[in-house]
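Chain by chain, the residues run as shown.
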Amino acid sequence: MDNITAYSVELVKDPFGILTGKRYEFILDLDIDEEDELYSENGIYLRVIYGGEEGKMGIVKYHIHERVTDKYMDFDLEEDELAEVAAFCKEHLGEAGQ
């Protein structure tokens, strides 16, 4: 995973109480090397849903999008990249509006 240049995080509201635990939505702006297959002149961002119950938190799902067009990009992150994203999300959970 290349550098995360900016991010935002929000607590996902569950007014009907359907989900167990809490869910957080992270938007991560990525700086991708031009040689990487993910590279786009328009920029790339990652939308991550991170959550679960205390002690069992992790990435629920993620999507890669092109920044300018908001176009979904059908790529999967590698295991080490997912681990890096999960660690970043865990570290920044406290910044979500409760």
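Our subject is the structure that appears above.
As the structure is a prediction and not an experimental result, all values here were calculated from the model.

What counts and how
Residues numbered from 1 in each chain as written. Predicted model: local features only at pLDDT ≥ 70, side-chain atom pairs only at ≥ 80, totals over all residues. Heavy atoms only, no water. Pairing = 2+ DSSP bridges. Helix = DSSP H or I, 4+ residues; strand = E, 2+ residues; numbered from the N terminus. Buried < 20%, exposed > 50% of the residue type's maximum accessible area, 1.4 Å probe, protein only. Contact = heavy atoms within 4.5 Å. Phe/Tyr/Trp six-rings, centres within 6.5 Å; stacked < 30°, edge-to-face > 60°.

**Let's talk about the pairing of strand β4 (residues 56-66)**
Two elements, strand β3 (residues 44-53) and β4, share 10 bridges in a ladder whose sense is antiparallel. Residue pairing across strands places Y50 opposite I59, the latter belonging to β4. Taking the residues between adjacent antiparallel strands as the criterion, β3 and β4 are bridged by two residues, where G55 takes a positive phi near 85°. Relative to strand β5 (residues 72-73), β4 runs antiparallel, the two sharing two bridges. Within β5, the position partnered with I64 by the bridge is M73.

**Remarks on the environment of A6**
In this fold, A6 is placed in strand β1 (residues 3-11). Since its relative accessible area comes to 31%, A6 is described here as partly exposed. As for A6 and D31, which are separated by 25 residues in sequence, their C-alpha atoms are 9.4 Å apart. In contact with A6, other than residues within four places in its own chain, are I27, L28 and D29.

**Notes on the packing of aromatic side chains**
Counted under the stated rule, the structure contains two aromatic pairs. Measuring from ring centre to ring centre gives 5.0 Å for Y7 and F88, while their planes differ by 85°; the resulting arrangement is edge-to-face. Within this pair, whereas Y7 is found in strand β1, its partner F88 is found in helix α1 (residues 79-91), the two being separated by 81 residues in sequence. Geometrically, the ring pair formed by F26 and Y50 is edge-to-face, given 6.3 Å between the ring centres and 85° between the ring planes. Of this pair, F26 sits in strand β2 (residues 22-31) while Y50 sits in strand β3; the two residues are 24 residues apart in sequence, bridging distant segments of the chain. The two residues F26 and Y50 agree in class, both being buried.

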